[in-house]
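So the chains spell out like this:
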Amino acid sequence: MDAWSENIQKHLWFCNSCGNEVCTTIWSSYHPLLMDEMKEIAGCKFFSLTETPEDYTIIVDEEGFKELPESEHLSVAEATWLALNVVSGGGSATNSQPIGVTKIAKSVIAPLADHNISVFMLSTYQTDFILVRERDLPMVMHTLSSEFTLLRVINGETVAANSLGVTNGFVKPKLVPRPIIHPLSSPSNMFCVTSLDPDTLPSVATLLMDVMFYSGGMKEPGASSEDSGHIRFFSFSLIEGYISLVMDEQTTPRFPNNVLFTSASGELWKMVRIGGQPLGFDECGIVAQISEPLATADIPAYYISTFKFDHALVPEENIQSVIGALRTNESAGQ
Amino acid sequence: MSGSKPDILWSPHHADRYVICDSELGLYRIGPVGCSETKAGALPLSVETAATLLAINSDTPYMKCVAWYPKHEPECLLAVGQANGRVVLTSLGQSHNSKCKELMGKEFVPKHARQCNTLAWNPVDSNWLAAGLDKHRADFSVLIWDISSKFSPEASVAAEKIRLSSGDTDSGLVVTKPLYELGQNDACLSLCWLPRDQKLLLAGMHRNLAIFDLRNTSQKTFVNTKAIQGVTVDPHFPDRVASFFEGQVAIWDLRKFEKPVLTLTEQPKPLTKVAWCPTRMGLLATLTRDSNIIRLYDMQHTPTPIGDETEPTIIERSVQPSNSLIGSFAWHPTSQNRMVVVSAANRVMTDFTVFERISLAWSSTTSLMWACGRHLYECAEGVGGEGTVEKDIATKMRQRAQSRYGHDTVQVWKNHLLAGGDDPQLKSLWYTLFFMKQYTEDVEQKQQGSKQALVYSGIKNIVKSSSGTTENRRCWSGSDRQTDVPRFHSEERSLALRLCGWINRGPDINVEPFLRSLEGEGEWERAAAVALFNLDIRRAIQILNKGASAERGDLNLNVVAMALSGYTDEKSSLWREMCSSLRLQLKNPYLCVMFAFLTSEPGTYDGVLYESSVAVTDRVAFACMFLNDSQLPRYMEKLTSEMKEVGNLEGILLTGLTKDGVDLMESYVDRTGDVQTASFCMLKGSPGEVVKDPRVQCWIENYRNLLDAWRFWHKRAEFDIHRSKLDPSSKPLAQVFVSCNFCGKSISYSCSAMPHQGRGFSQYGVSGSPTKSKVTSCPGCRKPLPRCALCLMNMGTPVSNCPGTGHGTGKSDEKVDLTRENKLAQFNNWFTWCHNCRHGGHAGHILSWFRDHTECPVSACTCKCMQLDTTGNLVPSDSH
């Protein structure tokens, strides 16, 4: 196996806010800092904000969590989470197309699901993060140590994580087919997964705020025509200096030319939303249910979990086959 | 760069051109100030150089990094890495030749846009351009582009999907297919090609340094580290690489790539640039953010590879090219230690040369040697010596050592002549010591032991013990006028006058011999003053007349004599009034004090006593005659402390060779460094505690070391002999004994028991004539002594064919007569042996053997005995 799992020694907090009001305050409190120093927000090296029609989901590390204001609008998921990140260690120049979640579906996500470990996914422009609960860490390490070199990042220094030596009591569960349990929906939006030069962040900060908090509702001209399938979705993350954005294709013209990073092929993505009612944090296997069929079909995917629902992004040209594949699994489960 | 952070690149082939890149590219030419080429509009870079802006290129926005094409042609081709990951070829100030034109504006576009962090041209295959990009979840971060590749048809298939950059493809200048793609799902922060092989690429990746081998792209060597920025290969050591992270620089040896061979001291601010000096080995320059200094690390003497156990020697220092904050710097490719620095703001440039540390060494003689850069300078004392500049004390001491300074123990005063005879302080010192010695010898004759101890304790102590002083008022000689000048007498005061050299032994105070000797030396003024102080005004006038009429005499002395003859003791006379005011205009201090004496009130002779140009001896003698018992010790005390303060050797007269004397000598040595005089002088102080004073021991040891350093080994030996005579405790015990192989008894011990039969082996025991002694067997057990490896005779046999043996002895026993021949003859008979192979023989034989051979004379022994002797090949420089 030519990949190792990198374990970012960061405690992450999930926050969820139902109202615009709270998030605006949060954002405002960050905004001046953003202007100052774009690489780190007051020592916060992990910051992610995702807007869904239901709420805003914020994932921050401990430093960032301290900065969040107290509010009754803010609900915080119990337990702290650790971010795992799979980096490729080998030099094999495989030009395999499947990227992101698909690539690690079988090696990481499925084994974790088999061991009943609840995971939370956050894909970015640069990489994929798998978040696991801190208390599950021994189990995670035990599960992954067979196939990965585990490294721990402590204060930026990468060291080999010693096996915790707790192997007794971890029983390898039986492998069962994983039917899709939760209802799926696919909004009509086309999404862009993009990034931008951190140096240009100050110049677009107000625009970002506007897009996230003040362009709400369905008042956008493009959205009015197909109300039924169109949803609001916007994700911004700033993790270790790298910015990642997921936005509606219709939003991109609002950014100045040459600010957003684009791919040479100009690929666009469509979304599959998972869950009819809030998924919670304890259920495991949801990511695996989605990613395994995609991996089998060799379809690249992004996966963004939020406080209530999960979101998978797949290339627009593959959306029909994806829905097809997932429906098969869905029906198999019923 | 993005407007704020500029960078500099030197042209790889034109040593006078460089490019500054900030928001745009500016090509500059550097030249001397006032040169015809650098005309108006030239920007001064230093006192001597100025830069002219040749061209500006602002075609490429969002520049993140720039790299200069390494080959001669096309001359000024630059690759610019942009914020969106595209690499654009551009040029500056080019005449549009065809090859260049074709490449201009060519773009290399990665599949997924993200920042381009670094660019590196392959130095051998210059079509290859490596670009390091930020991380993307699915893309590669190291792309190697072939700049000669055309827009490939296979890429046009993908072009259907290109929506955002469709305009570019039309021109045919966009390349989307890299030659190599490396580092999937990773970020690349820095790149450099390794000189070991043209297909080896060193990359600073997200959390590791990786060496990609393009001959087999599935292979890579990597090491996990934080120090992944700014990888750069030492141009003088292809295996040495520097990289950095935040404020810390790591130095790597590619042969031991597991961990950095060394890490440099961490800086509080993050580093922005690290560069090896191309013209000087092992010199690394580093720059941190918001700093106006460049920190240099000299690893020239750091061994490569660095062993684990040794602490590497790195010399760290800082240079400040200008007062403003530094944006970036670049070493000049050929000019030694030179760099151009550009300020963080306003593009202010400075041409700056880092001066090499100067290492400096004094030789044991006076020359001074220093090394700076590639130059070695020697500064020697002028041999011609116009006499204007005083010679260095080391030169003086050397010359004095050669003239046997200090060794005249009989006519002690002559030592000042051996010292050159031109130093009044030394003259006074040695005369004082001479008088002291003379007096003790007299006293010994008189069997008055009590005074002996006193005489070396100085006049200050002598007059303290003074008792029974008588006061008398004497007439002026040759005049019956009664003076009211009281003069004081006592035994101690007479002794003091003797030590001052004014009078000879005997009860009378008769200065006539002293006056004669002064006249003989032409010291007319001094003689006249001494005569006057002895109240002999006629004699004084007579001396002055004599002085005026002498050869090259000063006629003014007659005028002084005239003035003197008008002396009157009338208190309010015009003569007195005039003399007391006009005397100060007299240049000669003795003439001045004569009138001071005559115009003073009795008992208040400050004009004489504190005239510092008058010799201390004369002032002391004067004080002993005219100051009463209460004034005299006060004056002595005052004068002594004054002498001690300035380290004036004349003060030894007052302090004697006491602890006070050592204090005085200490300040003299501090002032002059003359440990030679100090050593010889203080040795005379024996027997006494002074020799045991640690300061005195220190001077003696330093003087001996100096003699050794000058290779004046014979002088040092002489000094040791001299010293052991005066200070028997300094005689070292015998340290080496030769013992018999059979009975184990010391041969020399037996020898000393039978003084006429053997030779001593102690340091000074070169006793007995070799012709007389013939001990070939152990005196203890009668077994034969070892044989000489060359003549095969037993030890103890004199060297047979030594021409010098038995000659040149028997004459002139007045000194230690050791002529070179004589000494050599004795030395030839010594038995010597190698400490390594234990073979040996007669010293003379062994020496002549090793003149032509390197190996031991014993057959089958390959010991290179002589080479093991580090001092064996040195020749004493004082041999005569």
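Worth saying up front: this structure is predicted, and the values here are computed from it rather than measured. (Residues numbered from 1 in each chain as written. Chains lettered and ligands numbered in written order. Predicted model: local features only at pLDDT ≥ 70, side-chain atom pairs only at ≥ 80, totals over all residues. Heavy atoms only, no water.)

Caption draft 1: Seen up close, the overall build of chain B. Per the secondary structure count, chain B includes 27 helices and 36 strands. Buried positions account for 50% of the 880 residues belonging to chain B. In chain B, of all internal contacts separated by at least 6 residues, the share reaching a separation of at least 24 is 50%. When the accessible surface of chain B is summed, it comes to about 41700 Å², and 52% of that surface belongs to carbon and sulfur atoms. (Helix = DSSP H or I, 4+ residues; strand = E, 2+ residues; numbered from the N terminus. Buried < 20%, exposed > 50% of the residue type's maximum accessible area, 1.4 Å probe, protein only. Contact = heavy atoms within 4.5 Å. Areas by Shrake-Rupley, 256 points an atom, 1.4 Å probe, with all protein chains shown as cover.)

Caption draft 2: Structural detail: helix 23 (residues 713-726) of chain B. Residues and elements named next belong to chain B. For helix 23, which comprises 14 residues, the first-to-last C-alpha distance of 20 Å matches the rise-based estimate of 20 Å (1.5 Å per residue) to within 8%. Residues of helix 23 that are buried: Lys715, Arg716, Phe719, Asp720, His722, Arg723 and Ser724. Contacts from the buried residues of helix 23 go to helix 4 (393-402), helix 21 (675-683) and helix 22 (694-709). (Expected span 1.5 Å × (residues − 1).)

Caption draft 3: View of the sheet that holds strand 16 (residues 200-205) of chain B. All names here are of chain B. Spatial ordering of the open sheet is given by 15-16-17-18, a layout of four strands whose pairing is antiparallel. Each end of this open sheet is capped by a strand with a single partner; those strands are strand 15 (188-193) and strand 18 (220-224). Between one strand and the next, the sheet's axes are offset by a mean angle of 15°, whatever the strand orientation. Here strand 16 runs beside strand 17 (residues 208-213); their pairing, made up of five bridges, is antiparallel. What sits directly across from Leu200, in strand 17, is Asp213. (Pairing = 2+ DSSP bridges. Axes fitted to C-alpha atoms, helices over the stretch in contact; angles between N-to-C directions.)

Caption draft 4: Fine view of the confidence of the model for chain A. When pLDDT is averaged along chain A, the result is 70; 64% of the residues meet or exceed 70. For the stretch residues 17-40 of chain A, pLDDT sits under 50, and the model shows 54 contacts to residues farther than four places along the chain or on other chains. (pLDDT = per-residue confidence, 0-100.)

Caption draft 5: Focus on the packing of aromatic side chains. All names here are of chain B. Considering all chains together, one arrives at 34 aromatic pairs over all chains under this definition. Each ring, one from Tyr69 and one from Trp121, has its centre 4.9 Å from the other, and the planes form 90°; the classification is edge-to-face. Separated by 52 residues along the polypeptide, Tyr69 in the loop between strand 6 (63-68) and strand 7 (77-82) and Trp121 in strand 10 (residues 116-121) bring together distant segments of the chain. Each member of the pair, Tyr69 together with Trp121, is buried. Aromatic ring contacts, followed pair by pair, group Trp502, Phe514, Phe533, Phe597, Tyr605, Phe622 and Phe626 into a single cluster. (Phe/Tyr/Trp six-rings, centres within 6.5 Å; stacked < 30°, edge-to-face > 60°.)

Caption draft 6: Up close: a nonpolar patch on the surface. A surface patch of nonpolar side chains, about 380 Å² in accessible area, is lined by B:Ile358, B:Leu360 and B:Trp362. The residue B:Leu360 is located in strand 30 (residues 359-362) in this model. (Patch = residues over 30% accessible without salt bridge, like charges linked within 9 Å, V, L, I, M, F, W, Y side chains within 5 Å. Salt bridge = Lys/Arg side-chain N within 4 Å of Asp/Glu carboxyl O.)

Caption draft 7: Region of the structure containing the environment of B:Ala42. Residues and elements named next belong to chain B. For Ala42, the position within the fold is in the loop between strand 3 (25-32) and strand 4 (43-44). A C-alpha to C-alpha distance of 7.4 Å links Ala42 and Leu53, two positions eleven residues apart in sequence. With residues up to four places along the chain from it excluded, the contact list for Ala42 reads Ala50, Ala51 and Thr52.

Caption draft 8: Main features of the pairing of strand 2 (residues 17-21) of chain B. Residue and element names in this part refer to chain B. Counting buried positions over the five residues of strand 2 gives four, a clear majority of the element. Summarising the sheet, strand 1 (residues 7-10) and strand 2 pair through four bridges and their orientation is antiparallel. Note on strand 2: the bridge partner recorded for Asp7 is Cys21. Counting the residues in the hairpin turn of strand 1 and strand 2 gives six residues. Of the strand pairs in this sheet, strand 2 and strand 3 are connected by five bridges, and their pairing is antiparallel. Within strand 3, the residue paired with Arg17 across the bridge is Arg29. A loop of three residues connects strand 2 with strand 3, the two strands running antiparallel in sequence.

Caption draft 9: Spotlight on the nonpolar core. By size, the foremost hydrophobic cluster in this structure holds 106 residues, and its most contacted members are B:Ile459, B:Trp502, B:Phe533, B:Phe597, B:Val620 and B:Met665. Formed by 35 residues, the second largest nonpolar core is a distinct cluster that contains A:Ile180, A:Leu294, A:Ala301 and A:Tyr303. (Core = buried A, V, L, I, M, F, W, Y, C linked by side-chain atoms within 4.5 Å.)

Caption draft 10: Representation of the confidence of the model for chain B within the structure. Residue and element names in this part refer to chain B. On average, chain B scores 79 in pLDDT, and the residues at 70 or more come to 82%. Taken as a whole, residues 750-773 scores under 50 in pLDDT and shows 35 contacts with residues more than four places along the chain or in a different chain. Among the prediction metrics, the complex's ipTM stands at 0.76, with pTM recorded as 0.62.

Caption draft 11: Up close: the pattern of salt bridges. Residue and element names in this part refer to chain B. Going through the model one piece at a time under the given rule, you end up with 49 salt bridges over all chains. With a shortest N-O distance of 3.3 Å, Lys111 and Glu181 are connected by a salt bridge. Of the two residues, Lys111 is situated in the loop between strand 9 (107-108) and strand 10 and Glu181 in strand 14 (residues 180-184); the sequence distance between them amounts to 70 residues. The salt bridge partner of Glu718 is Lys715, with a shortest N-O separation of 4.0 Å. Of the two residues, Glu718 and Lys715 both sit in helix 23, three residues apart, roughly one turn of that helix. The exposure class assigned to Glu718 is partly exposed, which follows from its relative accessible area of 23%.

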